[in-house]
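# Commentary on secondary and tertiary structure
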Amino acid sequence: MSASHAMIEISPSRLEVSALRAGVVIGVRSLRFDRSEWPAGLDEALHHLEGPLTAMVAELRLVGASATVVYFTPGGSCSLTSCPAAAGLASAEQAAMLAEGSTSEGLPAGAPSDVVCVAIDKPAGSALVAELGAPQVHVLAATDVEARLDGLARLCDAAGLKVARLVPTEAAMLDAAVRWVTRTRQPHSRPPQSSDTHALEVVLWLGDHSGVLAAGVPGRLVFVRSIRLGAEALVEAMTRPLRPGSKRNDTPLALSRAEARALLFSVGVPEANEEIPDHPGLSGAALLPHMQPLLQRLATEIKQSLRFGVPESLRASAGLCVLGATIPRLSEVLAAQTGVVPLPALDGLPARSVGVGPGPGGSEIRLLPTRLSERRAGRRAQRALMAGVALAAGVIGVELTWTRHDLEVERARLALTQPASDEGVKAAQALQEALARRALLTTTLASMRAALPDAPALGAVLGALANHTPESIRISELSLITGEGAPRLCARGSILYSEVADPAGLMQTYVNDLAGLPIFSNAKLGKAQRSTLNGRELQSFEITLDILALPPSSLAAADPGRSLETTP
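Just so it is clear, the model here is predicted, and its values are computed rather than measured. (Residues numbered from 1 in each chain as written. Predicted model: local features only at pLDDT ≥ 70, side-chain atom pairs only at ≥ 80, totals over all residues. Heavy atoms only, no water.)

Helix and strand counts for the protein come out as 15 helices and 17 strands. In the protein, the proportion of contacts linking residues at least 24 apart, taken out of those at least 6 apart, comes to 68%. With an accessible surface of roughly 27500 Å², the protein has 55% of that area assigned to carbon and sulfur atoms. (Helix = DSSP H or I, 4+ residues; strand = E, 2+ residues; numbered from the N terminus. Contact = heavy atoms within 4.5 Å. Areas by Shrake-Rupley, 256 points an atom, 1.4 Å probe, with all protein chains shown as cover.)

Before going further, it helps to examine unusual backbone geometry. Phi angles above zero are rare outside glycine, and Arg61 is one such case at about 55°. By the element assignment, Arg61 lies in the loop between α1 (42–59) and β4 (66–71). For Arg61, a relative accessible area of 64% translates into the label exposed. Located in the positive-phi region is Arg329, a residue other than glycine, with phi close to 65°. Its location among the elements puts Arg329 in the loop between β12 (319–324) and α10 (330–338). (Buried < 20%, exposed > 50% of the residue type's maximum accessible area, 1.4 Å probe, protein only.)

The next point concerns the packing of α1 against helix α4 (residues 146–158). Between α1 and α4, the shortest axis-to-axis distance is 9 Å and the interhelical angle comes to 15°. Taken as axis vectors, α1 and α4 run roughly parallel relative to one another. Seen from above, α1 lies across α4 with right-handed handedness. Residues Leu42, Asp43, Leu46, Leu49, Glu50, Leu53 and Thr54 of α1 form the contact with α4, whose participating residues are Arg148, Gly151, Leu152, Leu155 and Ala158. (Axes fitted to C-alpha atoms, helices over the stretch in contact; angles between N-to-C directions. Parallel < 35°, antiparallel > 145°, perpendicular 65-115°, else oblique. Left-handed = near helix turned anticlockwise from the far one by under 90°.)

Below, the discussion takes up the packing of helix α8 (residues 284–309) against α10. It is the contact of α8 with α10, at a shortest axis distance of 9 Å, that shows an interaxial angle of 60°. Judged by the inter-axis angle, α8 sits oblique to α10. The two elements α8 and α10 cross, and the hand of that crossing is right-handed. Of the residues in α10, those in contact with Gln292, Leu295, Gln296, Leu298, Ala299, Ile302 and Lys303 of α8 are Leu330, Val333, Leu334, Gln337 and Thr338.

Moving on to the pattern of salt bridges. Taken as a whole and assessed by the stated rule, the structure comprises 24 salt bridges. Between Glu16 and Arg14 there is a salt bridge whose closest N-O contact spans 3.2 Å. Of the two residues examined, Glu16 and Arg14, each falls in the buried class. Each of Glu9, Arg14, Glu16, Arg32, Asp208, Glu232, Arg257 and Arg261 takes part in one network of salt bridges that share partners. (Salt bridge = Lys/Arg side-chain N within 4 Å of Asp/Glu carboxyl O.)

What follows is about the sheet that holds strand β10 (residues 211–217). The strand order across the open sheet formed by 5 strands is β11-β10-β9-β12-β13, and the pairing between neighbours is mixed. Edge strands, defined here as strands with exactly one partner in the open sheet, are β11 (220–227) and β13 (341–342). Contacts between α8 and the sheet are confined to β9 (201–206), β10, β11 and β12, with β11 contributing the most and set at about 145° to the helix. (Pairing = 2+ DSSP bridges.)

Once that is clear, we can look at the pairing of β10. Among the 7 residues in β10, 7 count as buried, and that is most of the element. In β10, alternate side chains face the same way, and those of Gly211, Leu213, Ala215 and Val217 on one face and Val212, Ala214 and Gly216 on the other are all buried. Where β10 folds back on β11, the antiparallel hairpin that results is connected by 2 residues, among which Gly219 adopts a positive phi of roughly 85°.

So, on to helix α7 (residues 257–266). Among all positions of α7, only Arg257, Ala260, Arg261, Leu263 and Leu264 are buried. When α7 is viewed along its axis, its buried side chains cluster within an angular range of 160° and face the same direction. (Arc of directions from axis to C-beta.)

Once that is clear, we can look at the sheet that holds strand β14 (residues 473–481). Taken together, the 4 strands give an open sheet; going across it, the order is β14-β15-β17-β16, and neighbouring strands pair in antiparallel fashion. Across the chains shown, the open sheet's two edge strands, defined by having one partner strand only, are β14 and β16 (520–533). On average, adjacent strands in this sheet sit at an angle of 15° to one another, irrespective of strand direction. Examined bridge by bridge, β16 and strand β17 (residues 536–547) share 11 bridges and lie antiparallel to one another. Bridge pairing in β17 links Leu525 to Ile543. Packing of helix α14 (residues 503–515) onto the sheet brings it into contact with β14, β15 (488–496), β16 and β17, and relative to β16 it is tilted by some 160°.

Residues Ile8, Ile10, Leu62, Tyr71 and Trp205 are the most contacted members of the largest nonpolar core, which totals 60 residues. At 9 residues, helix α5 (residues 169–181) tops the list of elements feeding residues into this core. Excluding its chain neighbours within four sequence positions, the residues that come into contact with Ile8 are Leu15, Glu16, Val17, Leu53, Ala67, Thr68, Val69, Val70, Cys156 and Leu161. Among the nonpolar cores identified, the runner-up in size contains 48 residues, and Phe223, Met238, Met291 and Ile327 belong to it. (Core = buried A, V, L, I, M, F, W, Y, C linked by side-chain atoms within 4.5 Å.)

Examined against the element boundaries, Ser4 turns out to sit in strand β1 (residues 4–11). In this structure Ser4 touches Leu20, Arg21, Ile26, Leu62, Ala65 and Ser66, once residues within four positions along its chain are discounted.

It is worth spelling out the side chain of His290 at this point. Looking at the secondary structure, you find His290 in helix α8. Taking the relative accessible area as the measure of exposure, His290 reaches 18% and is therefore buried. Within the structure, His290 has its side chain in polar contact with the backbone oxygen of Pro241 (distance 3.3 Å). The contact partners of His290, leaving out residues within four places of it in the chain, are Ala237, Arg240, Pro241 and Leu242. (Polar contact = N/O pair within 3.5 Å; in protein donor to acceptor, adjacent residues only side chain to side chain.)

Let us look at the packing of aromatic side chains. Following the criterion strictly, the structure yields 0 aromatic pairs and no others. One cation-aromatic arrangement involves Arg530 over Tyr497; the distance from NZ or CZ to the ring centre is 3.9 Å. (Phe/Tyr/Trp six-rings, centres within 6.5 Å; stacked < 30°, edge-to-face > 60°. Lys NZ or Arg CZ within 6 Å of the ring centre and 35° of its normal.)

Looking at the protein, the pLDDT average stands at 78 and 77% of residues meet or exceed 70. Segment residues 187–198: pLDDT under 50, and 27 contacts once partners within four positions in sequence are set aside and those in other chains are kept. Note on residues 552–568: pLDDT under 50 across the span, and 30 contacts to partners over four residues away in sequence or across chains. (pLDDT = per-residue confidence, 0-100.)

What follows concerns the environment of Arg185. Looking at the element boundaries, Arg185 is found in the loop between α5 and β9. In this structure the C-alpha to C-alpha distance between Arg185 and Pro218, which are 33 residues apart in sequence, comes to 6.6 Å. If we skip the residues at most four places from it in the chain, Arg185 touches Trp180, Ala199, Glu201, Gly216, Val217 and Pro218.

We now examine the environment of Ala87. Locating Ala87 in the fold gives a position in the loop between β5 (77–84) and α2 (89–103). Between the C-alpha atom of Ala87 and that of Val137, which follows or precedes it by 50 residues, the distance is 8.7 Å.

Okay, structure coming up:
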């Protein structure tokens, strides 16, 4: 099932595998554990997951598929860094890596890391947004120890999967929350009493063991912070002895972790007088005293963040929604306790706690152990070299074809002159001209063979292009133009607006990077236009690259088995 992709979530309380095809979930297998912490740390616990993961992969027919693993561990490190947009994306990424290096205590120097741009603020569109200050570039950086990443990769190998990226849970939630609150809103996603199109949206992205609180308006991030509290804390609170409060039955009731979790995700935060299904005599009044301290803690986190992190003019338009863990009435209860408007989660969001996959939580963070990242880089360079050799052979073949065509034309001219006896002199002259052209062809091809060993390989051109093309830029066509002057490479490509906030800036950065390579004498951005393909908006563009002269390769590459001496 090579067209499928496996999304895997690993935490102390859950192992879940989702099968995706073309971004759509086609199957899910999940295994819950009755614990809130790793029994002996993630590194030692991974071998206990090998059997269940292998069985799930086989049931979903995912053997051989690529995999994204979102894993929870308190030992990893990730951070979100904001820099002025005027500093540029490259400077923001460097700042993020420096900030991550200073905060990742306990991790060795040189540990595998990755950095991605999560959002770029748009200029102020109203007086309210102007209060937020100058636009910022928000960059997410993550790192982890080599041994942990290698253990996760080997777990996927044992289950028959090809690991594509490893993402810490906190990084996935930070990425998802920031992208969600800064997105372009639909009218029904704003608080109903607010007429301002820049209404503030507050999102609590709740995972199993931690969460992320973020607030923003369309195109602007206001604040984001991590919360060391997740849905499993509510589950654990509900396992404490419950007193039904019924005159007929006042025996304390103890729920198992599985029963408490089922109640949390089916009933959610109940009303005080609400009867609990499948538990006669048990009402919400028995559950709320255990849940209320944690709900109050979440409400305090939200109120303090709004008070100290949001301008007063924006607080009146604030709306709150809880994403990730789907706990009924949690948004309404927290909104009532914090004095904001509850917002419903929109259709199409994933129901899983982190939100990986087709929803907004598909993080671009890519952590890999060194052995896999080096192997992938080697395969990429090899493909670039092979593509370069094939393109060089094609250029030689075109030139040789035109040369042979000219020779055939001269032969036809000679054949037409032979029947006329009175044109004998002209026929002899035409024969001499044909022989001269053949001698010139022989000399030219010999010079090409002699010059080839000292000539640069065209594979270097495509290798440089491959190594300096970001994943968000898709090259759809390459054309090589030869003739008078230096050879020229024309590239056509596109950028999806759903993946890049500033396609124009990315295009200009891309052209500047290519122009700075010594193998290109000039790089010029040509025609660029915005269009729609299959319902997705994209920015298409053309780039012209002047490269070093490309001499032809050996004749064997263009026409195997045929030498110059046997050419008729």
